[in-house]
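# Inside the fold
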Amino acid sequence: MPYAIVLKCADDSAAPVLNLWQEAASFETSPSMQALNYSPHLTLAVYDDIAASSLFAATERIFGDMPPLSIEFSGIGHFPNEMLVLWARPADDRVLRRIHSAIHAEIDPALCHEHSRPDRWQPHCTIAMKIPASATEEALKWAAETPARFTLVFDTVDCVSFPPVEILKQVKLLP
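This section reports on the structure supplied with the text.

Definitions and cut-offs
Residue numbers here run from 1 along each chain, matching the order of that chain's written sequence. Per-residue local features of the predicted model are confined to residues with pLDDT of at least 70, and side-chain atom pairs are confined, for both listing and counting, to 80 or more; whole-chain, interface and lining totals are unaffected and use all residues. Water and hydrogen atoms were dropped before computing side-chain values, which therefore reflect all heavy atoms in the structure. A simple rule labels every residue: compare its accessible area, found with a 1.4 Å probe on the protein chains alone, to the largest value its type can have, and call it buried under 20%, exposed over 50%, or partly exposed in between. Helical segments are the DSSP runs of H or I of at least four residues, strand segments are the runs of E of at least two, and each set is numbered from the N terminus. Paired strands, in this sense, are two strands between which DSSP finds at least two bridges. Throughout, an axis means a line fitted to C-alpha atoms (over the contacting stretch in the case of helices), and angles, computed between N-to-C directions, take values from 0 to 180 degrees. Every angle not falling under 35 degrees, over 145, or within 65 to 115 is termed oblique; those three ranges are roughly parallel, roughly antiparallel and roughly perpendicular. Left-handed describes a crossing in which the near helix is turned anticlockwise from the far one by less than a right angle; the clockwise case is right-handed. We call two residues in contact when some of their heavy atoms are within 4.5 Å. For this scheme, ten residues count as nonpolar: Ala, Val, Leu, Ile, Met, Phe, Trp, Tyr, Cys and Pro. Four count as charged, namely Asp, Glu, Lys and Arg, and the remainder, Gly too, count as polar. Two aromatic rings from Phe, Tyr or Trp, using only the six-membered ring of Trp, form a pair when their centres are within 6.5 Å; if the ring planes differ by under 30 degrees the pair is stacked, by over 60 it is edge-to-face, and anything between is tilted.

## Focus on the pairing of strand S7 (residues 156–161)
- Counting buried residues along S7, six of its six residues qualify, which places the element largely inside the surrounding structure.
- Residues Thr156, Asp158 and Val160 point to one face of S7 and Val157, Cys159 and Ser161 to the other, with burial holding for every one of them.
- Pairing of strand S1 (residues 3–8) with S7 involves six bridges; the strand directions are antiparallel. Bridge assignment links Lys8 to a residue of S7, and that residue is Thr156.
- Pairing between S7 and strand S8 (residues 166–172): six bridges, direction antiparallel. Directly across from Val157, in S8, lies its bridge partner Val171.
- The hairpin turn running from S7 into S8, its antiparallel successor, is four residues long.

What follows is the structure in C-alpha coordinates.
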(Lines give C-alpha, C1' and ligand atoms only; values in the text may rest on other atoms or scores of the structure.)
Protein backbone atom coordinates (compact mmCIF):
# COMPACT_ATOMS: atom_id res chain seq x y z
CA MET A 1 0.00 0.00 0.00
CA PRO A 2 1.53 3.34 -1.02
CA TYR A 3 2.13 6.24 1.34
CA ALA A 4 2.05 9.93 0.44
CA ILE A 5 2.82 13.33 1.92
CA VAL A 6 0.12 15.79 0.90
CA LEU A 7 -0.77 19.44 1.47
CA LYS A 8 -4.50 19.60 2.16
CA CYS A 9 -7.00 22.43 1.81
CA ALA A 10 -9.74 21.75 4.36
CA ASP A 11 -11.22 25.23 4.73
CA ASP A 12 -13.78 27.29 2.79
CA SER A 13 -11.21 28.29 0.17
CA ALA A 14 -11.63 24.75 -1.29
CA ALA A 15 -15.00 25.66 -2.85
CA PRO A 16 -13.64 26.49 -6.36
CA VAL A 17 -11.93 23.10 -6.61
CA LEU A 18 -14.99 21.26 -5.33
CA ASN A 19 -17.01 23.02 -8.04
CA LEU A 20 -14.46 21.99 -10.69
CA TRP A 21 -14.64 18.40 -9.39
CA GLN A 22 -18.41 18.41 -10.00
CA GLU A 23 -18.10 19.90 -13.48
CA ALA A 24 -15.26 17.59 -14.57
CA ALA A 25 -17.07 14.53 -13.19
CA SER A 26 -19.49 14.86 -16.10
CA PHE A 27 -16.70 13.50 -18.35
CA GLU A 28 -16.10 10.44 -16.16
CA THR A 29 -18.02 7.21 -15.81
CA SER A 30 -18.16 7.89 -12.07
CA PRO A 31 -16.79 10.91 -10.14
CA SER A 32 -13.18 10.03 -9.29
CA MET A 33 -12.34 12.84 -6.88
CA GLN A 34 -15.54 12.63 -4.83
CA ALA A 35 -14.90 8.89 -4.52
CA LEU A 36 -11.66 9.60 -2.63
CA ASN A 37 -13.64 11.08 0.27
CA TYR A 38 -10.72 13.45 0.86
CA SER A 39 -10.26 17.23 0.61
CA PRO A 40 -8.57 19.04 -2.31
CA HIS A 41 -4.82 18.53 -2.02
CA LEU A 42 -1.38 18.67 -3.61
CA THR A 43 0.56 15.42 -3.43
CA LEU A 44 4.20 16.17 -2.65
CA ALA A 45 5.66 12.66 -2.64
CA VAL A 46 4.48 9.05 -2.96
CA TYR A 47 6.36 6.04 -1.56
CA ASP A 48 5.84 2.28 -1.67
CA ASP A 49 8.56 0.99 0.60
CA ILE A 50 9.30 3.31 3.50
CA ALA A 51 9.00 3.03 7.26
CA ALA A 52 6.01 5.10 8.36
CA SER A 53 8.09 6.43 11.27
CA SER A 54 10.61 7.93 8.78
CA LEU A 55 7.80 9.57 6.87
CA PHE A 56 6.28 10.99 10.07
CA ALA A 57 9.61 12.30 11.37
CA ALA A 58 10.45 14.05 8.09
CA THR A 59 6.99 15.59 7.94
CA GLU A 60 7.31 16.94 11.49
CA ARG A 61 10.76 18.43 10.78
CA ILE A 62 9.72 20.10 7.53
CA PHE A 63 6.22 21.31 8.43
CA GLY A 64 6.24 21.57 12.24
CA ASP A 65 6.46 25.37 12.32
CA MET A 66 5.27 26.27 8.83
CA PRO A 67 2.28 28.64 8.45
CA PRO A 68 -0.63 27.87 6.09
CA LEU A 69 0.21 28.30 2.41
CA SER A 70 -1.90 30.40 0.04
CA ILE A 71 -1.43 29.08 -3.48
CA GLU A 72 -2.93 30.84 -6.49
CA PHE A 73 -4.05 28.70 -9.42
CA SER A 74 -4.25 29.96 -12.98
CA GLY A 75 -5.68 27.32 -15.28
CA ILE A 76 -6.20 23.65 -15.99
CA GLY A 77 -3.54 21.28 -17.24
CA HIS A 78 -3.70 17.60 -18.12
CA PHE A 79 -1.75 14.37 -18.05
CA PRO A 80 -2.45 12.18 -21.10
CA ASN A 81 -2.39 8.83 -19.29
CA GLU A 82 -4.47 5.77 -20.12
CA MET A 83 -7.29 7.79 -18.56
CA LEU A 84 -7.06 11.57 -18.99
CA VAL A 85 -6.22 13.45 -15.77
CA LEU A 86 -7.22 17.12 -15.39
CA TRP A 87 -5.57 19.33 -12.78
CA ALA A 88 -5.40 22.89 -11.55
CA ARG A 89 -2.07 24.60 -12.31
CA PRO A 90 -0.34 26.73 -9.66
CA ALA A 91 0.38 30.22 -11.01
CA ASP A 92 3.77 30.23 -9.26
CA ASP A 93 5.16 26.93 -8.00
CA ARG A 94 8.47 28.12 -6.48
CA VAL A 95 7.34 27.66 -2.84
CA LEU A 96 5.98 24.21 -3.63
CA ARG A 97 9.25 23.23 -5.32
CA ARG A 98 11.24 24.41 -2.28
CA ILE A 99 9.03 22.26 -0.03
CA HIS A 100 9.41 19.34 -2.44
CA SER A 101 13.21 19.76 -2.32
CA ALA A 102 13.12 19.82 1.49
CA ILE A 103 11.27 16.49 1.50
CA HIS A 104 13.89 14.97 -0.79
CA ALA A 105 16.69 16.35 1.39
CA GLU A 106 15.12 14.36 4.26
CA ILE A 107 14.09 11.21 2.36
CA ASP A 108 16.11 9.71 -0.50
CA PRO A 109 14.31 10.58 -3.78
CA ALA A 110 15.13 7.09 -5.09
CA LEU A 111 12.56 5.76 -2.59
CA CYS A 112 9.64 7.70 -4.09
CA HIS A 113 7.53 6.97 -7.13
CA GLU A 114 9.05 8.05 -10.40
CA HIS A 115 6.51 10.86 -10.92
CA SER A 116 7.28 12.32 -7.46
CA ARG A 117 11.02 12.60 -8.03
CA PRO A 118 12.62 16.05 -8.30
CA ASP A 119 13.22 15.82 -12.06
CA ARG A 120 9.67 14.62 -12.88
CA TRP A 121 7.30 16.16 -10.31
CA GLN A 122 4.63 18.55 -11.56
CA PRO A 123 2.86 20.50 -8.78
CA HIS A 124 -0.89 20.17 -9.30
CA CYS A 125 -4.28 19.86 -7.65
CA THR A 126 -6.20 17.06 -9.36
CA ILE A 127 -9.68 17.86 -10.70
CA ALA A 128 -10.52 14.50 -12.36
CA MET A 129 -8.49 11.29 -12.63
CA LYS A 130 -10.47 8.90 -14.81
CA ILE A 131 -11.68 10.52 -18.00
CA PRO A 132 -12.00 7.83 -20.67
CA ALA A 133 -10.59 8.27 -24.18
CA SER A 134 -14.11 8.72 -25.55
CA ALA A 135 -14.51 11.95 -23.55
CA THR A 136 -10.96 13.32 -23.93
CA GLU A 137 -11.67 15.84 -26.69
CA GLU A 138 -14.71 17.30 -24.93
CA ALA A 139 -12.89 17.40 -21.56
CA LEU A 140 -9.87 19.20 -23.04
CA LYS A 141 -12.17 21.74 -24.72
CA TRP A 142 -13.88 22.36 -21.36
CA ALA A 143 -10.47 22.70 -19.65
CA ALA A 144 -9.27 25.26 -22.21
CA GLU A 145 -12.46 27.32 -21.80
CA THR A 146 -12.62 27.20 -17.99
CA PRO A 147 -10.83 30.13 -16.31
CA ALA A 148 -9.86 28.26 -13.09
CA ARG A 149 -8.35 31.30 -11.34
CA PHE A 150 -8.58 30.99 -7.56
CA THR A 151 -6.49 30.77 -4.40
CA LEU A 152 -6.47 27.83 -2.02
CA VAL A 153 -5.21 27.93 1.55
CA PHE A 154 -3.40 24.72 2.41
CA ASP A 155 -3.67 24.44 6.18
CA THR A 156 -2.75 20.82 6.87
CA VAL A 157 -0.09 18.30 5.87
CA ASP A 158 -1.17 14.68 5.96
CA CYS A 159 0.78 11.46 5.74
CA VAL A 160 -1.67 9.06 4.14
CA SER A 161 -1.92 5.52 2.88
CA PHE A 162 -4.14 4.70 -0.10
CA PRO A 163 -6.42 3.36 -1.47
CA PRO A 164 -8.65 4.09 0.29
CA VAL A 165 -7.19 7.31 1.66
CA GLU A 166 -6.38 6.87 5.35
CA ILE A 167 -4.75 9.68 7.34
CA LEU A 168 -1.86 8.22 9.36
CA LYS A 169 -0.36 11.47 10.66
CA GLN A 170 -1.53 15.05 10.45
CA VAL A 171 0.38 18.31 10.96
CA LYS A 172 -1.69 21.49 11.20
CA LEU A 173 -0.04 24.53 9.66
CA LEU A 174 -0.52 27.30 12.18
CA PRO A 175 -0.15 31.06 11.59
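## As for the packing of helix H3 (residues 52–63) against helix H4 (residues 94–106)
- Where H3 meets H4, the axes come as close as 10 Å, and the angle between the chain directions of the two elements is 135°. Between H3 and H4, the interaxial angle falls into the category oblique. As H3 runs across H4, the sense of the crossing is right-handed. Along its contact with H3, which presents Ala58, Arg61, Ile62 and Phe63, the element H4 presents Ile99, Ala102, Ile103 and Glu106.
- In terms of residue class, the contact of H3 with H4 is built from six nonpolar, no polar and two charged.

## Notes on unusual backbone geometry
- Omega for the bond connecting Phe162 with Pro163 falls within 30 degrees of zero, at -20°, which places this linkage in the cis form.
- When you line up the elements, Pro163 lands in the loop between S7 and S8.
- Notably, Asn37 is not glycine yet its phi reads approximately 55°, a positive angle.
- Looking at the secondary structure, you find Asn37 in the loop between helix H2 (32–36) and strand S2 (41–47).
- In this model, Ala148 sits at a positive phi of 50°, which is unusual for a non-glycine residue.

## Brief notes about the packing of aromatic side chains
- The full count for this structure, using the stated rule, is four aromatic pairs.
- Ring centres of Phe73 and Phe150 lie 5.3 Å apart, and the angle between their planes is 25°; on these two criteria the pair is classed as stacked. Here Phe73 is found in strand S3 (residues 69–80), whereas its partner Phe150 is found in strand S6 (residues 149–154), with 77 residues between them in sequence. As far as burial versus exposure is concerned, Phe73 and Phe150 are alike and both buried.
- Site record: aromatic cluster; members linked through ring pairs are Phe73, Phe150 and Phe154.

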